[in-house]
Amino acid sequence: MTGGGLLFNPNTYDPQQFDPETRRQLRALIDWFEARGKTRLLQEDLAAVWVSDFLEFIKSERIFATFLTPSEYGGADGNKRWDTSRNAALSEVLGFYGLAYWYAEQVTILGLGPIWQSTNKEAMQRAADQLEAGGVMAFALSERDHGADIYNTDMILTPAQNADAEDGVVFHASGEKYYIGNGNVAGMVSVFSRRSDVDGADGYVWFVADSTHENYELIGNVVHGQMYVSNFRLNDYPVRAEDILDTGPDAFSAALNTVNVGKFNLCSGSIGMCEHAFYESITHANNRILYGNPVTDFPHVRASFVDAFARLIAMKLFSDRAIDYFRSAGRDDRRYLLFNPVTKSKVTSEGETLITLLQDVLAAKSFEKNTYFSEVARLIGCLPRLEGTVHVNVAQILKFMPNYLFNPAEYAEIGTRDDPTDDVFFWAQGPARGASKVQFADWNPVYQRHSGIPNVARFYEQALALKELLTTAAPDANQQSDLDFVLVVGHLFTLVVYGQLILEQTDLIGLGDDLIDQIFDFQIRDFSGYAIALHGKPSSTPAQQQWALSAVRKPVVDADRFDRVWEQVKSYDGAYEMRA
């Protein structure tokens, strides 16, 4: 397979794996952006124009209604379902044209999480009706003082007095929420709270509020941008029985399980942003003459482009494969609990790395306000820092490391999951516990099958070396409580998981060996970098330092393979440019 078909290109996009109505809606969305044009798109970003026109289009085409309504509440519309495969495609398209458009969808997904997980049929039907009417949702978990700390909330529910009973009011809610997307217009705001009369986890409550209610006070937008990231206050807000979604430990689990669903979209948004930036970068650089030569004649420029391209393809490969595990999940297969935080933390961090590589080539051009790249460079760092920081997600990843590396289980093979079915397990994930008990299929065979590719073989040596570290010089009790130390181990482990799913996806799509080899070139360099970082940690022991140096590898150099990948990169020169 050549490079030409690996990136999203609005000029040629027609995802045949989807049903006709899905393809029509995605095509209509692309055409809407293209008709709007690059000039207006960028001007509205710089002027921080709220995306009201976009939401009107979403309403007229019923896109959120179709993509974000489970089939149970789809009525007679057979196209409505929650299908992660097509949702990822939608998210990639939105990221391609602007983070603000992606964000409006992202926080709608988060806001729907506690609703679709609840047993409140009335609230669920209300959500379906509001989506059909073109509405968006909001997810009110975080607060100024507590961030997204689920254990603490100052949104307090006070039991209603007898006089309220006639109106069906059971609580009055008071408190502020902070950093809440869509909080300016959301018809249903899912609000996390605690009861004033019940201590501990039993006092947690999710309920829905209406942003147009007189007791809902919109304080303002906490960022400058097209995205509306609100701060709001509820002032003695009347909460009725039909507004309550979940209570007690179930409410706690609903918060975590919603984030499991929502944070997956971060990867596809990042991919879309990087793809658009890549098109601009290669088209500019390959036609830019400096000192009498095209900029891309310089070896360091080619190296940056090849590295950026390999990282971008790897982002797509891993994310596409993670979809299959997410859609195939169930109570007996919870591997998605590892692949999700890897997708969120690793893919989005790779997006930052990729944009830095390209910006080093573009230099001053990257700041020009008439480029989409300037918008991406300003905003790409948001994605690793939303829905939990990279550090939080890597700490979560570490819980799975012992079973992944040392205690495999048998699972049936999972193929590509782009079938038009509803992902109902998302809303029945169960209690948010037991991560350390999740088992995985043996990760070794896929590496062994590809060990004829030189850099895969060399990276596999490093992966096996990680097992050796954990067997012979594992972190002691003090080191395990030192997050600064164990996060480096987490990054080393993440690279092994990342490589596994990349290789699985290459088998499914038939990716050529050249690009696989180039991907594992950077995998080796990144692993070596983290090994050196571990060597330098203040608490690393002599045995760990010795291991770190022994784990360093140099990628296998193949100039001909590099040149062939460069030709793939160069083929994107002029392949896409947004209409003015």
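Residues numbered from 1 in each chain as written. Predicted model: local features only at pLDDT ≥ 70, side-chain atom pairs only at ≥ 80, totals over all residues. Heavy atoms only, no water.

Put simply, the test is: UniProt positions are given in the numbering used here, feature names are shortened, and annotations may be inferred rather than shown by experiment.
Labelled according to an unreviewed UniProt entry, the chain appears under the name Acyl-CoA dehydrogenase family protein, originating from Mycolicibacterium septicum. Note on the chain: under the UniProt heading Sequence similarities (unreviewed entry), the record states "Belongs to the acyl-CoA dehydrogenase family." The chain has a UniProt comment under Cofactor (unreviewed entry) that states "FAD".

Some details on helix α10 (residues 299-327)
To keep things clear, this is the line we draw: Only DSSP runs of H or I covering at least 4 residues are called helices, and only runs of E covering at least 2 are called strands; the numbering of each starts at the N terminus. The length a helix should cover is 1.5 Å for every residue beyond the first. Each residue is placed in one exposure class: buried if its accessible area under a 1.4 Å probe, protein chains only, is under 20% of its type's maximum, exposed if it is over 50%, and partly exposed if it falls in between.
An ideal rise of 1.5 Å per residue puts 42 Å on 29 residues; α10 measures up with 42 Å between its terminal C-alpha atoms. Within α10, 24 of the 29 residues are buried, which leaves the element mostly enclosed by the surrounding structure.

Concerning the pattern of salt bridges
For the record, the criterion: One speaks of a salt bridge when a side-chain nitrogen belonging to Lys or Arg is within 4 Å of a carboxyl oxygen belonging to Asp or Glu.
Under the defined criterion, the tally for this structure stands at 47 salt bridges. Among the salt bridges present, the one from R24 reaches E21, with a minimum N-O distance of 3.0 Å. Placement of the pair is R24 and E21 together in helix α1 (residues 20-36), with a separation of three residues, close to one helical turn. Its relative accessible area of 38% is what places R24 among the partly exposed residues. Given the relative accessible area of 21%, E21 is considered partly exposed.

Points about helix α16 (residues 454-472)
Inclusion rule: When checking whether two residues touch, look at their non-hydrogen atoms; a contact exists if any pair is within 4.5 Å.
Here α16 spans 27 Å end to end across 19 residues, near enough to the 27 Å set by a 1.5 Å rise per residue. Of all the residues in α16, the buried ones are N455, V456, F459, Y460, Q462, A463, A465, L466, L469 and L470. At its buried positions, α16 is contacted by α14 (401-406), α15 (444-449), α18 (483-509), α19 (513-536), α20 (542-551) and α21 (559-570).

Looking at the packing of aromatic side chains
Rules: Working definition: rings of Phe, Tyr and Trp (its six-membered ring) pair if their centres are within 6.5 Å, and the pair is stacked with planes under 30 degrees apart, edge-to-face with planes over 60 apart, and tilted otherwise. Each ring is checked for a lysine NZ or an arginine CZ that lies within 6 Å of its centre and within 35 degrees of its normal; such an atom marks a charge sitting over the ring.
What the rule picks out here adds up to 50 aromatic pairs. With a centroid separation of 6.4 Å and 50° between ring planes, the pair formed by F305 and W566 is classed as tilted. Placement of F305 in helix α10 and of W566 in helix α21 is noted, with a sequence separation of 261 residues between them. We note that F305, like W566, is buried. Lying over the aromatic face of F67, R86 brings its terminal NZ or CZ to 4.5 Å of the ring centre. When the ring centre of Y411 is taken as origin, the NZ or CZ atom of R335, which lies over that ring, is 3.8 Å away.

Thoughts on unusual backbone geometry
Even without a glycine there, the phi angle at N182 is positive, about 65°. Its place among the elements puts N182 in the loop between β3 (169-181) and β4 (188-195). At A363, a position not held by glycine, the phi torsion is positive, near 55°. Mapped onto the elements of the fold, A363 is located in the loop between α11 (336-362) and α12 (372-379). Taking the relative accessible area as the measure of exposure, A363 reaches 40% and is therefore partly exposed.

Things to note about the UniProt feature "domain: Acyl-CoA dehydrogenase/oxidase C-terminal" (unreviewed entry) in the chain
Mapped onto this structure's residue numbering, the UniProt feature "domain: Acyl-CoA dehydrogenase/oxidase C-terminal" (unreviewed entry) falls at residues 252-399. Annotated as 71% helix and 3% strand, the span residues 252-399 places its first and last C-alpha atoms 19 Å apart.

Regarding the packing of helix α6 (residues 99-117) against helix α9 (residues 265-285)
The description of two helices packed together rests on the angle between their axes and the distance between the axes. Rules: To get an axis, fit a line to the C-alpha atoms, keeping to the stretch in contact for a helix; angles then go from 0 to 180 degrees between the N-to-C directions. An angle counts as roughly parallel when it lies under 35 degrees, as roughly antiparallel when it exceeds 145, as roughly perpendicular when it falls between 65 and 115, and as oblique in every other case. Think of it as three bins: nonpolar holds Ala, Val, Leu, Ile, Met, Phe, Trp, Tyr, Cys and Pro, charged holds Asp, Glu, Lys and Arg, and polar takes everything else, Gly as well.
The N-to-C vectors of α6 and α9 enclose an angle of 170°; their axes lie 11 Å apart at closest approach. In terms of their interaxial angle, α6 and α9 are classed as roughly antiparallel. On the side of α6, the interface is formed by L99, W102, E105, Q106 and I109, while α9 contributes N265, L266, G269 and M273. Along the lines of polarity and charge, the residues of the contact of α6 with α9 split into five nonpolar, three polar and one charged.

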